Amino acid sequence: MSNQLKEKFMRIAIELSEHNITQGHGGPFGAVIVKDDLVIAQSANKVILENDPTAHAEISAIRLACDKLGIYNLTGCEIYTSCEPCPMCLGAIYWAGIDKIYYANTKADAAAIGFDDLLIYSELKCSMEERKLPFIQLLREEALPAFKLWKESVPKTSY
């Protein structure tokens, strides 16, 4: 794919981020998912619009792309995002199997305007006992049979 085409897709993500602000819909983030040089899905951040803290641009675009293609794995796709993905979005991008991430602004740029993910990045390095959010395990023995069922089930779709 040519640099000119890559820049075209990134400009769409940037335009989505700007439009989101001017329309009063929320944060300055946009994402575009591309497969075979075609835009499959695009979205701006929808956290405020949908009252959903997980409705970041990247996750919203992933949901749209999976729905449009009728698949849950986006191998063969690339994502263009107006900002370096937060930890949640980065995890979703990996889970979705996307091949490549192109980004414009950095996480430092986002932190400078109040979108700071440093707490989450630092918490991931801590043991559960050291984290600020308490982790309390309950009813593991009651939950394990579901895992055993999954392990033994045939047929099953692994993902």
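Further up the page is the structure itself.
What you are looking at is a predicted structure, and each value in this text was computed from that prediction instead of being measured.

Describing the overall build of the chain
- From N to C terminus, the chain includes 7 helices and 4 strands.
- Across the chain, helices and strands are ordered from the amino to the carboxyl terminus as α-β-β-α-α-β-α-β-α-α-α.
- Structurally, the chain occupies a C-alpha span of about 55 × 40 × 25 Å along its principal axes.
- Residues classed as buried in the chain amount to 30% of the 159 residues present.
- Counted over contacts in the chain with a minimum sequence separation of 6, partners at least 24 positions apart contribute 49%.
- Summed over all atoms, the accessible surface of the chain reaches about 10,700 Å², with 58% contributed by carbon and sulfur.
- Between the mean site of the 16 positive side-chain charges and the mean site of the 21 negative ones, the chain shows a separation of 5 Å.

Let's talk about the layout of surface pockets
- Here the largest pocket is characterised by a volume of approximately 260 Å³.
- Where the lining of the largest pocket is concerned, the elements lending two or more residues are helix H2 (47-50) and helix H5 (107-112).
- The class makeup of the residues in the lining of the largest pocket is 9 nonpolar, 4 polar and 4 charged.

Observations regarding the sheet that holds strand S1 (residues 30-35)
- Judged by pairing direction, the sheet is mixed, and its 4 strands sit side by side in the order S2-S1-S3-S4 without closing on themselves. Edge strands, defined here as strands with exactly one partner in the open sheet, are strand S2 (38-44) and strand S4 (100-105). With direction set aside, neighbouring strand axes in the sheet form an average angle of 15°.
- In this sheet, strand S3 (residues 77-83) lies alongside S1 in antiparallel orientation, the contact comprising 5 bridges. Residue pairing in the sheet places Ile33 in a bridge with Ile79 of S3.

Considerations on the pairing of S3
- Counting buried positions over the 7 residues of S3 gives 7, a clear majority of the element.
- In the sheet, S3 pairs with S4 via 5 bridges, with the strands oriented parallel. In the sheet register, Tyr80 faces S4, and the bridge partner there is Tyr102.
- Taken together, S3, helix H4 (residues 87-96) and S4 constitute a β-α-β crossover, and its handedness is right-handed.

Remarks on the pattern of salt bridges
- Within the structure shown, the criterion is met by 4 salt bridges.
- Among the salt bridges present, the one from Arg11 reaches Glu7, with a minimum N-O distance of 3.9 Å. Here Arg11 and its partner Glu7 are both found in helix H1 (residues 3-22), 4 residues apart, which amounts to about one turn of the helix.
- Judged by its relative accessible area of 48%, Arg11 is partly exposed.
- The exposure class assigned to Glu7 is partly exposed, which follows from its relative accessible area of 43%.
- The closest approach of N and O atoms between Glu141 and Arg140, which form a salt bridge, is 3.8 Å.

A closer look at the packing of aromatic side chains
- Applying the stated rule across the entire model yields 5 aromatic pairs.
- Where Tyr72 meets Tyr159, the ring centres are 6.1 Å apart and the plane angle is 75°; that geometry is what we call edge-to-face. Here the residue Tyr72 occupies a position in the loop between helix H3 (57-69) and S3, and Tyr159 occupies one in the segment after helix H7 (140-152), the gap between them amounting to 87 residues.
- On the accessibility criterion, Tyr159 (75% relative accessible area) is exposed.
- Through a chain of ring-to-ring contacts, three or more aromatic side chains come together here, namely Phe9, Tyr80 and Tyr102.
- The cationic tip of Arg131 hangs over the ring face of Phe135; the distance from NZ or CZ to the ring centre is 4.9 Å.

Conventions we followed
- Residues numbered from 1 in each chain as written.
- Predicted model: local features only at pLDDT ≥ 70, side-chain atom pairs only at ≥ 80, totals over all residues.
- Heavy atoms only, no water.
- Helix = DSSP H or I, 4+ residues; strand = E, 2+ residues; numbered from the N terminus.
- Buried < 20%, exposed > 50% of the residue type's maximum accessible area, 1.4 Å probe, protein only.
- Contact = heavy atoms within 4.5 Å.
- Areas by Shrake-Rupley, 256 points an atom, 1.4 Å probe, with all protein chains shown as cover.
- Lys, Arg positive; Asp, Glu negative; His and termini not counted.
- Charge placed at Lys NZ, Arg CZ, Asp CG, Glu CD.
- 1 Å grid on protein atoms, 1.4 Å probe; cavity = no way out; pocket = protein on both sides within 12 Å on 5 of 7 lines; lining within 4 Å.
- Points joined across faces, edges and corners; volume = space filled by probe spheres on them.
- Nonpolar A, V, L, I, M, F, W, Y, C, P; charged D, E, K, R; others polar.
- Pairing = 2+ DSSP bridges.
- Axes fitted to C-alpha atoms, helices over the stretch in contact; angles between N-to-C directions.
- Right-handed = clockwise from strand over helix to strand, strands pointing away.
- Salt bridge = Lys/Arg side-chain N within 4 Å of Asp/Glu carboxyl O.
- Phe/Tyr/Trp six-rings, centres within 6.5 Å; stacked < 30°, edge-to-face > 60°.
- Lys NZ or Arg CZ within 6 Å of the ring centre and 35° of its normal.

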